[in-house]
Amino acid sequence: MNRPIAPSSSTRIRAHPLTRRNVPEVGAMRLDEPEHSATERRSIIMKSIGHSGGNPAILKLNQAGTLEERDLSKLSAITCTSYLIDGKRDIIQQGEPPKDVHLMMSGLACRYKMLPDGSRSIMALLVPGDFCDLHVAILGHMDHGIGTLAPSRVVDIPREIIDDLTSNEPRITRTLWWATLVDEAILREWLVSMGRRRAMERVAHLLCELEVRLKTVHLSEGGSFELPINQETLADMLGMSLVHVNRMLQKLSKDRLISISGKTVTIHDRAALWDFAGFDPGYLHLSRHSLAALVDVGCVAEASA
Amino acid sequence: MPHFFFDVDDGAKFERDLVGAELDDRIAARHAAVISMPDLARDEIPDGEAWEWRVRVREGDGTYFFEAILSFRARWI
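Residues numbered from 1 in each chain as written. Chains lettered and ligands numbered in written order. Predicted model: local features only at pLDDT ≥ 70, side-chain atom pairs only at ≥ 80, totals over all residues. Heavy atoms only, no water.

Peer 1: Pulling in residues and values, what's your account of the interface of chain B and chain A?
Peer 2: Between chain B and chain A, the residue contacts involve 19 residues of the former and 19 residues of the latter. Around 1400 Å² of area is buried between chain B and chain A when both sides are counted, 46% of it from carbon and sulfur atoms. On the chain B side of the contact with chain A, Asp-39, Arg-42 and Asp-43 of chain B bury the most area, a combined 36% of that side's loss. At the surface where chain B touches chain A, the tally comes to two salt bridges. Linking Glu-15 of chain B and Lys-251 of chain A is a salt bridge whose minimum nitrogen-to-oxygen distance equals 3.7 Å. At the boundary of chain B with chain A, the tally comes to eight residue pairs in polar contact (both at pLDDT 80 or more). Going through the elements one at a time, strand E1 (3–9) and helix H1 (26–43) of chain B are the ones with two or more residues in the side of chain B that touches chain A. Of the residues forming the side of chain B that touches chain A, the biggest block, eight residues, is contributed by H1 of chain B. Tallied by class, the residues present in the side of chain B that touches chain A amount to ten nonpolar, two polar and seven charged. (Contact = heavy atoms within 4.5 Å. Buried area = accessible area lost by both parts, 1.4 Å probe. Salt bridge = Lys/Arg side-chain N within 4 Å of Asp/Glu carboxyl O. Polar contact = N/O pair within 3.5 Å; in protein donor to acceptor, adjacent residues only side chain to side chain. Helix = DSSP H or I, 4+ residues; strand = E, 2+ residues; numbered from the N terminus. Nonpolar A, V, L, I, M, F, W, Y, C, P; charged D, E, K, R; others polar.)

Peer 1: Run through the pattern of salt bridges, naming residues and quoting values.
Peer 2: Residues and elements named next belong to chain A. By the definition in use, this model includes 22 salt bridges over all chains. In this structure, the salt-bridge partner of Asp-163 is Arg-159, at a minimum N-O distance of 3.9 Å. Note that Asp-163 and Arg-159 are positioned in helix H5 (residues 159–168) at a spacing of four residues, about one turn of the helix. Residue class for Asp-163 comes out partly exposed when judged on its relative accessible area of 38%. (Buried < 20%, exposed > 50% of the residue type's maximum accessible area, 1.4 Å probe, protein only.)

Peer 1: Could you give an account of the domain arrangement of chain A, naming the residues involved and the relevant values?
Peer 2: All names here are of chain A. When its domains are assigned, chain A resolves into domain 1 (1–8 + 82–194), domain 2 (38–78) and domain 3 (197–305). In this complex, domain 1 contributes 22 residues to the contact, which on the side of domain 2 involves 17 residues. Summed over both partners, the interface of domain 1 with domain 2 buries about 1700 Å², with 66% contributed by carbon and sulfur atoms. Between Arg-70 and Glu-169 there is a salt bridge, with its nearest N and O atoms 2.6 Å apart. On inspection of domain 1 and its partner domain 2, the count reaches four residue pairs in polar contact (both at pLDDT 80 or more). For the side of domain 1 that touches domain 2, the elements supplying multiple residues, two or more each, are strand E5 (101–114), strand E7 (145–157), H5 and helix H6 (170–196). Considering each element in turn, the side of domain 1 that touches domain 2 owes the most residues, eight residues, to H6. Looking at the side of domain 1 that touches domain 2, its residues break down into 14 nonpolar, two polar and six charged. (Domains from an automatic or database assignment.)

Peer 1: Which residues make up the side chain of Gln-231 of chain A, and what are the values?
Peer 2: Inspection of the secondary structure assignment puts Gln-231 of chain A in helix H8 (residues 231–238). On the accessibility criterion, Gln-231 of chain A (17% relative accessible area) is buried. There is a polar contact of 3.0 Å between the side chain of Gln-231 of chain A and the backbone oxygen of Gly-20 of chain B. In contact with Gln-231 of chain A, not counting residues within four places along its chain, are Leu-242, Val-245 and Asn-246 of chain A together with Val-19, Gly-20 and Ala-21 of chain B.

Peer 1: Got a sec to walk through H1 of chain B? Specific residues and values, please.
Peer 2: For an α-helix, the turn length of 3.6 residues means that residues three or four places apart are oriented alike. Residues and elements named next belong to chain B. Under the 1.5 Å per step criterion, the end-to-end length of H1 is 27 Å for 18 residues, consistent within 8% with the ideal 26 Å. Within H1, the axis deviates most sharply at Ser-36, by approximately 30 degrees, and proline Pro-38 lies no more than four positions further along. Along H1, the residues classified as buried are Ala-29, Ala-32, Ala-33, Ser-36, Met-37, Asp-39, Leu-40, Ala-41 and Asp-43. In this structure Asp-25 caps H1, since a side-chain oxygen of it lies 3.2 Å from the backbone nitrogen of Ile-27. (Expected span 1.5 Å × (residues − 1). Bend = angle between axes of the 7 residues up to and from the residue.)

Peer 1: Which residues make up the packing of H8 of chain A against helix H9 (residues 242–254) of chain A, and what values do they have?
Peer 2: All names here are of chain A. Running from amino to carboxyl end, H8 crosses H9 at an angle of 100 degrees, the nearest separation of the two axes being 8 Å. By the criterion of interaxial angle, the relationship of H8 to H9 is roughly perpendicular. Facing H8, whose interface residues are Gln-231, Glu-232, Leu-234, Ala-235 and Leu-238, H9 presents Leu-242, Val-245, Asn-246 and Leu-249. Here the contact of H8 with H9 is composed, by residue class, of six nonpolar, two polar and one charged. (Axes fitted to C-alpha atoms, helices over the stretch in contact; angles between N-to-C directions. Parallel < 35°, antiparallel > 145°, perpendicular 65-115°, else oblique.)

Peer 1: Quick rundown of the sheet that holds strand E11 (residues 264–267) of chain A? Include the residues and the values.
Peer 2: All names here are of chain A. Spatial ordering of the open sheet is given by E8-E9-E11-E10, a layout of four strands whose pairing is antiparallel. Both outer strands of the open sheet, strand E8 (220–221) and strand E10 (258–261), are each paired with one neighbouring strand and no more. In this structure, E8 lies alongside strand E9 (residues 224–226), joined through two bridges in antiparallel fashion. Its bridge partner being in E9, Ser-220 is matched across the sheet by Phe-225. Relative to the sheet, helix H7 (residues 199–216) contacts E8, E9, E10 and E11, its axis offset from that of E9 by approximately 90 degrees. (Pairing = 2+ DSSP bridges.)

Peer 1: Lay out H7 of chain A with the relevant residues and their values.
Peer 2: With 18 residues, H7 of chain A extends 26 Å between its outermost C-alpha atoms, agreeing within 8% with the 26 Å of an ideal straight helix rising 1.5 Å per residue. In terms of burial, H7 of chain A is largely enclosed, as 17 of its 18 residues are buried.

Right under this line is the structure:
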């Protein structure tokens, strides 16, 4: 890759490729010990690379369940150089020809369109680990904009790298397709919300989904996660008026399903909120392991079975 | 930006807005109240012949300065 290598842990990975012959020790565990299954080895490697919270792109793509050591180090190398972009800035504007593929490493962004009356409609939220526009380079120009909602770290992946991955890395390619299909599934659920869910269910459903998506990339703990957006943005996302969003959030809080403190949302009773919202995480197509983790922290197993 | 509160009275219950929202001015607050009316009605069409939703907007010091009313009438003919 024709760009400087960041002085991060990925540099070490390049110096010491993660082969089974030459593996770093993680605590007392060694990766080449036979008692570790392939899944455990992957998980140990994932803990050993990236920053403390783990590399969100790898955490996300690993949900597809097909990546091997070589893929993880390749993804780690691709995602090592990120840059910071302020909140409320465009990553790419409607009408622009897409060049690089953008990958969210931290923060929050959205896909949006502006309407003739000056109002904004948000069609998707992009959390860390999400690719902004994986296959859009096939199209000549952006038919929507992508902008940050909060300060974010973004990786620009040159088109050639994606082309190289899709030509030479079948397992990574499969996970990229998985990510694209999950994006579409999320959009379908978004449409159902807009068209058919009642306001309070719509708000609740979005919070359920966000908590699960953020948990997948280790950004939600004990039902709490950061949602650094204001009510106006939430209204643009839910297709509702600001006053009604405000009212629905207060009702959910009053019913003790959630609480909001500053920018932190806490889900108090996940099972009850899932039930109320009619939320079934099946459409997120998570790994069994991730679904099991949701069950471990107190939600109903039946909902995701 | 000034902070405005939107209290909603659906005829059966008065809900005091405890959170509010920051908006440019009274004109923006009036607009926010008016466009919230269809949302209120959409989910909460009551069983009955007459109903009124009332959104009252107040400033941070408690002064009410605007009210929007949406009324519902239904009857057999």
